[in-house]
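Architecture and fold: a report
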Amino acid sequence: MKLIGYISQGVMIVLMVLSVVLMALSATEASSDAVAAADGSWTGTVITWAIVVFAIGLIGAAASYVVGAFVDTSNLLKSAIVVVGAVVLVGICWALADGTPLPLVGYEGSENVPFWLKIADTGLFLGYIAAIVAIVSIVVSEVVQLFR
């Protein structure tokens, strides 16, 4: 078990160093030369890197959750309920998302289509819900600690 901790810590350090280097390259590109900043070559790389890190985190969290559920079979039903609840929440956010293309003057890209707009809206709704849940849980835990 200690080996897994060392491996995950090493991977986390490598990901953090790569992230900081990419962010520094993107920031210095914008401040050093206006023409290079307009090119945005490092900015696209940073966005791609953010998506990769997010995917790695999502896959790691899902794998950890599944392994944990099968290691302790007494919590298997609770785990299944949480997974079904998460799928239902994403489905509700997807249903609430609006896919109407935006009137963007001068934009010639291919992402202003209903599918990508629904994904963006779903992510925003999930982010709002996560923020609200975090704030409510902080307030509730403080109130509970107050009365203990």
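Here the structure is shown first, and the text comes after it.
What this report covers is the structure whose coordinates are included nearby.

So, how was this worked out
- Residues numbered from 1 in each chain as written.
- Predicted model: local features only at pLDDT ≥ 70, side-chain atom pairs only at ≥ 80, totals over all residues.
- Heavy atoms only, no water.
- Helix = DSSP H or I, 4+ residues; strand = E, 2+ residues; numbered from the N terminus.
- Buried < 20%, exposed > 50% of the residue type's maximum accessible area, 1.4 Å probe, protein only.
- Contact = heavy atoms within 4.5 Å.
- Patch = residues over 30% accessible without salt bridge, like charges linked within 9 Å, V, L, I, M, F, W, Y side chains within 5 Å.
- Areas by Shrake-Rupley, 256 points an atom, 1.4 Å probe, with all protein chains shown as cover.
- Salt bridge = Lys/Arg side-chain N within 4 Å of Asp/Glu carboxyl O.
- Axes fitted to C-alpha atoms, helices over the stretch in contact; angles between N-to-C directions.
- Parallel < 35°, antiparallel > 145°, perpendicular 65-115°, else oblique.
- Nonpolar A, V, L, I, M, F, W, Y, C, P; charged D, E, K, R; others polar.
- Phe/Tyr/Trp six-rings, centres within 6.5 Å; stacked < 30°, edge-to-face > 60°.
- Left-handed = near helix turned anticlockwise from the far one by under 90°.
- Polar contact = N/O pair within 3.5 Å; in protein donor to acceptor, adjacent residues only side chain to side chain.

**Observations concerning the environment of Val113**
For Val113, the location among the structural elements is in the loop between α4 (76-96) and α5 (114-147). Its relative accessible area of 33% is what places Val113 among the partly exposed residues. Considering only alpha carbons, one finds Val113 and Leu96, 17 residues apart in sequence, at a separation of 16 Å.

**Re the side chain of Thr122**
Positionally, Thr122 belongs in helix α5. Residue classification places Thr122 among the buried residues on the basis of a relative accessible area of 6%. Aside from chain neighbours lying at most four places away, what touches Thr122 is Val90, Cys93, Trp94 and Ala97.

**Notes on a nonpolar patch on the surface**
Side chains of Leu124, Tyr128, Ile132, Val136, Val140 and Val144 sit close together on the surface and give an oily, nonpolar patch of about 550 Å² of accessible area. In this structure, Val144 sits in helix α5. Residue classification places Val144 among the partly exposed residues on the basis of a relative accessible area of 36%.

**A look at the packing of helix α3 (residues 41-71) against α4**
Between α3 and α4, the shortest axis-to-axis distance is 8 Å and the interhelical angle comes to 150°. Judged by the inter-axis angle, α3 sits roughly antiparallel to α4. Contact residues: α3 offers Tyr65, Ala69 and Phe70, while α4 offers Leu76, Lys78, Ser79, Val82 and Val83. Residues that form the contact of α3 with α4 fall into these classes: 6 nonpolar, 1 polar and 1 charged.

**Considering the packing of aromatic side chains**
The relative placement of two aromatic rings is captured by the distance of their centres and the angle of their planes. On inspection of all chains with the given rule, the structure shows 2 aromatic pairs. Seen in terms of ring centroids, Phe115 and Trp116 are 5.1 Å apart; in terms of plane orientation they differ by 75°. Their pairing is edge-to-face. Among the aromatic residues, those joined into a ring-pair cluster are Trp94, Phe115 and Trp116.

**Concerning the packing of α4 against α5**
Following both chains from N to C, one finds α4 and α5 inclined at 125°, their axes separated by 8 Å at the closest point. Comparing their axes, α5 and α4 come out oblique. Crossing of α4 over α5 shows right-handed handedness. Across the interface between the two elements, Leu89, Val90, Cys93, Trp94 and Leu96 from α4 touch Phe115, Lys118, Ile119, Thr122, Phe125, Leu126 and Ile129 from α5. Counted by class, the contact of α4 with α5 contains 10 nonpolar, 1 polar and 1 charged residues.

**Considerations on the side chain of Asn112**
By secondary structure assignment, the location of Asn112 is in the loop between α4 and α5. Within the local environment of Asn112, its side chain forms a polar contact with the backbone oxygen of Leu102, the two atoms lying 2.6 Å apart.

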